[in-house]
Amino acid sequence: MNHFHPSKRTSSFCHLEQSSLFGQVDDLQDLTFIERPIRRSLKTAEEIEKLTVDEDLNDIERAVYLLSSGQDVQRASVIINLPNLVRQNPAETFRRVVPKVREVLHVAGADMQLAAAGSFLTLLQDDIVLIQTHTHSILQIVLLNLDHRDTVVSNAWLETLLSAIDALPKETIRQEILSPLVSKAQLSQSLQARLASCRILGKVACKFESPIVKKDLLPLVRSLCQDVEYEVRSCMCRQLENIARGIGLDHTKAAVLPELVELARDEGSTVRLAAFDTIINLLEMFDSDDRTRVIFPLVKTFCEKCFKADEAVLASLSFQYGKLCHGLSASFTEEQHLWFLEFYKKLCVLGLQHENGHSDNQVYPLELESKYALVRRNCAYNFPAMVLFADPNHFLTELYPTFSSLCHDPEITVRRTMAEGFHEIVKLLGPNVHFIHKELVVLLQDDSLEVRHAESHFCWLACLKLVPALAAAEQKAALSLRWRVHERLLQRYACLPRVVSADQIYFRFLQRMFAIVTTNNVLPVQREAARTLCMFLRYNRKQEQRQEIIGKVLQELAQGRSYWNRLRYLDLCEIAMELFSKAYFCKHFLIQALELVNDPVANVRYKLCHMLPQLRSTIRLPADKHLLQQLEFCVRKLLCREKDKDVVATVRKTVLELDKMDITEPVSNPLLSSFFFEYLEEWLCSR
């Protein structure tokens, strides 16, 4: 090895060419600009003086001083620390500090406002404030800042208020929040104030009894549902679910349903979508007559309008479709049932085919194509629900063509979603599962690793006899550059003994596991293959096959020509100690592991040294006394003959650990409890 001494380094620098040296100096000069902003960032004596506070001031006085005369960063610090001040001295904090905070917030920037919103939420939620007058002071500040001109700030204060409502008593909500809410919900107020009113109404509705909601809140709700701005109508519509649950089943039909019907026919698509989502969420609150006479025509019209002219709403419609169909199915006539099923089929091929079934060669804009793909993915997500809706016995005639189309969809996300829900479809089809054999093979052999790797593929392989397809999927994963996918796939292979016969595993997968362990270049993949190999061995009940597997492990790994394979044998031993009994491990694996003390490669001996305490823990005395003697002999060899410094250091630590194990365990041979220290002493003297 060539050592590079300092003297040589100095000499080499002296012989640099002049041009090279000048080049380096120029580079250094170019970097001098970095120094300037550093100097400018340093505080002057005057600035430091401004940030200095009299140490004799107590916490309250310091807070008041900083809020009155401090820098912004100091004011923000006081506001963030406000909950702690209240805990320490609530009376003085609310008398002197909180009014100052209110003054500061009038001119504060967004960052300080956001910090204040967080501090006030802590005060309202954590039972720090125990006096009603103090709660009043806080809520006044929160309500005042709801109208902040910066929407980010106003929304932060709104979230503070909404979160605090859960912790506030009813009387406080009635006096401090509902009273000013009447004026804020008026049309003369700003859009921002009316939007906040919608969300507050939805939040407080569940805090009061039905008569109060009906008397005090419902008039405001109706007014906001008819607001001139579509954003307000949409926002209030999404709160109607909470309003309905607040007034109860008896009043929902008369008070809420008419508003929903009106909003579902609104000219604004976002309002119609809000009404659609709310109707689905409230289906259980409508009786069968309402569903048949009111909800079905309304939803049908909504679906038809969306399909023809509103692609943006189709995404939400397709996502909710399964829930919609199941919520209404009990009230459907046969004709209505068929209509919803046919509409679902149209959604499944949206952007792919015309309604007459011919291929659609039209080129869509990229944005529209993406929306259509999302609709089809949502349809794939809902497919198990639609199998149940159509009746699994009618799957072949009603849904199989749609199912096949989704499994062959050009979008990866659609096919992956089908793969992820495949096990649900199998459960629903029961004895008719053979109908989908072809499509599962297609998904398992998909060009996309994401599709092949979808978790749910593996639950039903036995009944579908798809072992060849699974083996092909592993081969494709191995050829890819994504080793984590390959590792995860092998991890799933460990469940195969539960669903695939021992013969199929032995003849189809076993040799492949050996090949991965001995030839793959990625260590995590090799180790996962070794674990899967051990799982195959553990659940194989054929004695002859078990013996052949163990023999192959010893021949190809423990006695392998490559030191890399011998290291994998020790990895496999670690796994075997987890999966098998101590007696089984000692009988089939221990001796071969200890024999690696003679391995010519230091890395193998080094790993063996680390494993010696684990190996010792599998030995049961007095039955395994001969194995303990073998381990003792192994340690003696390492102490007396080892030359590699890393292995020697490891042996030294291991011997101490082994001796502790012997001391804590009764041993029939009195010499065994002390031999380690004797040999360690002898070894140390020889060094």
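Residues numbered from 1 in each chain as written. Predicted model: local features only at pLDDT ≥ 70, side-chain atom pairs only at ≥ 80, totals over all residues. Heavy atoms only, no water.

Draft legend 1. A look at the nonpolar core. Residues Trp-157, Ile-200, Tyr-321, Phe-340 and Phe-383 are the most contacted members of the largest nonpolar core, which totals 137 residues. In this view, Ile-200 contacts Leu-146, Leu-158, Leu-161, Leu-162, Ile-165, Ile-177 and Leu-181; residues no more than four positions away in its chain are not counted. Among the nonpolar cores identified, the runner-up in size contains 72 residues, and Val-485, Leu-496, Phe-536 and Leu-537 belong to it. (Core = buried A, V, L, I, M, F, W, Y, C linked by side-chain atoms within 4.5 Å. Buried < 20%, exposed > 50% of the residue type's maximum accessible area, 1.4 Å probe, protein only. Contact = heavy atoms within 4.5 Å.)

Draft legend 2. Up close: empty space enclosed by the protein. All told, the structure shown has 1 cavity of 30 Å³ or more when counted by the stated rule. Estimates place the volume of the largest cavity at around 40 Å³. Considering the residues around the largest cavity, the lining is formed by Leu-449, Arg-452, His-453, Ala-473, Ala-477, Val-485 and Leu-489. Listing elements by their share of the lining of the largest cavity, those giving two or more residues are helix 30 (449-452), helix 32 (467-479) and helix 33 (483-493). (1 Å grid on protein atoms, 1.4 Å probe; cavity = no way out; pocket = protein on both sides within 12 Å on 5 of 7 lines; lining within 4 Å. Points joined across faces, edges and corners; volume = space filled by probe spheres on them. Helix = DSSP H or I, 4+ residues; strand = E, 2+ residues; numbered from the N terminus.)

Draft legend 3. Here's a closer look at the pattern of salt bridges. As enumerated under the stated definition, the model contains 36 salt bridges in all. Across the pair Asp-266 and Arg-233 runs a salt bridge, and its minimum N-O distance is 2.8 Å. Linking Asp-266 in the loop between helix 18 (257-264) and helix 19 (269-281) with Arg-233 in helix 15 (residues 230-238), this pair joins segments that are 33 residues apart in sequence. Classification of Asp-266 by relative accessible area gives buried; the value is 12%. Residue classification places Arg-233 among the buried residues on the basis of a relative accessible area of 9%. With a shortest N-O distance of 3.8 Å, Asp-624 and Arg-620 are connected by a salt bridge. Where salt bridges share partners, they join Arg-527, Arg-568, Asp-571, Glu-574 and Lys-607 into one cluster. (Salt bridge = Lys/Arg side-chain N within 4 Å of Asp/Glu carboxyl O.)

Draft legend 4. How the structure looks around the UniProt feature "repeat: HEAT" (unreviewed entry) in the protein chain. As annotated by UniProt and renumbered to match this structure, "repeat: HEAT" (unreviewed entry) occupies residues 217-254, 256-293 and 399-433. End-to-end, the C-alpha atoms of residues 217-254 are 15 Å apart, and along that stretch the chain is 84% helix and 0% strand. The span residues 399-433 carries 71% helix and 0% strand; its end-to-end C-alpha distance comes to 13 Å. (UniProt positions renumbered as here; feature names shortened; annotations may be inferred.)

Draft legend 5. Structural context of the side chain of Glu-632. As for its position among the elements, Glu-632 is in helix 42 (residues 625-641). One polar contact links Glu-632 to Arg-636, side chain to side chain, over a distance of 2.4 Å. (Polar contact = N/O pair within 3.5 Å; in protein donor to acceptor, adjacent residues only side chain to side chain.)

Draft legend 6. Highlighting the packing of helix 12 (residues 170-184) against helix 13 (residues 191-204). In contact at an axis separation of 10 Å, helix 12 and helix 13 are set at 140° when each is read in the N-to-C sense. Classed by the angle they form, the pair helix 12 and helix 13 counts as oblique. Between helix 12 and helix 13 lies a crossing of left-handed hand. Residue-level inspection shows Ile-173, Ile-177, Leu-178, Leu-181 and Lys-184 of helix 12 in contact with helix 13, the latter providing Ala-193, Arg-194, Ser-197, Ile-200, Leu-201 and Val-204. Of the residues in the contact of helix 12 with helix 13, the class split is 8 nonpolar, 1 polar and 2 charged. (Axes fitted to C-alpha atoms, helices over the stretch in contact; angles between N-to-C directions. Parallel < 35°, antiparallel > 145°, perpendicular 65-115°, else oblique. Left-handed = near helix turned anticlockwise from the far one by under 90°. Nonpolar A, V, L, I, M, F, W, Y, C, P; charged D, E, K, R; others polar.)

Draft legend 7. Local environment of helix 23 (residues 366-381). Along its 16 residues, helix 23 runs 23 Å from first to last C-alpha, staying within 8% of the 22 Å computed at 1.5 Å per residue. Residues of helix 23 that are buried: Leu-368, Tyr-372, Ala-373, Val-375, Arg-376, Asn-378, Cys-379 and Ala-380. (Expected span 1.5 Å × (residues − 1).)

Draft legend 8. Quick look at the packing of aromatic side chains. Here the structure, examined in full by the defined rule, presents 25 aromatic pairs. With 5.7 Å between their ring centres and 75° between their planes, Phe-296 and Phe-332 make a pair best called edge-to-face. Here Phe-332 lies in the loop between helix 21 (311-328) and helix 22 (334-348) and Phe-296 lies in helix 20 (residues 288-309), a separation of 36 residues in the sequence. Geometrically, the ring pair formed by Phe-307 and Phe-343 is edge-to-face, given 5.7 Å between the ring centres and 65° between the ring planes. Of this pair, Phe-307 sits in helix 20 while Phe-343 sits in helix 22, placing them 36 residues apart in sequence. (Phe/Tyr/Trp six-rings, centres within 6.5 Å; stacked < 30°, edge-to-face > 60°.)

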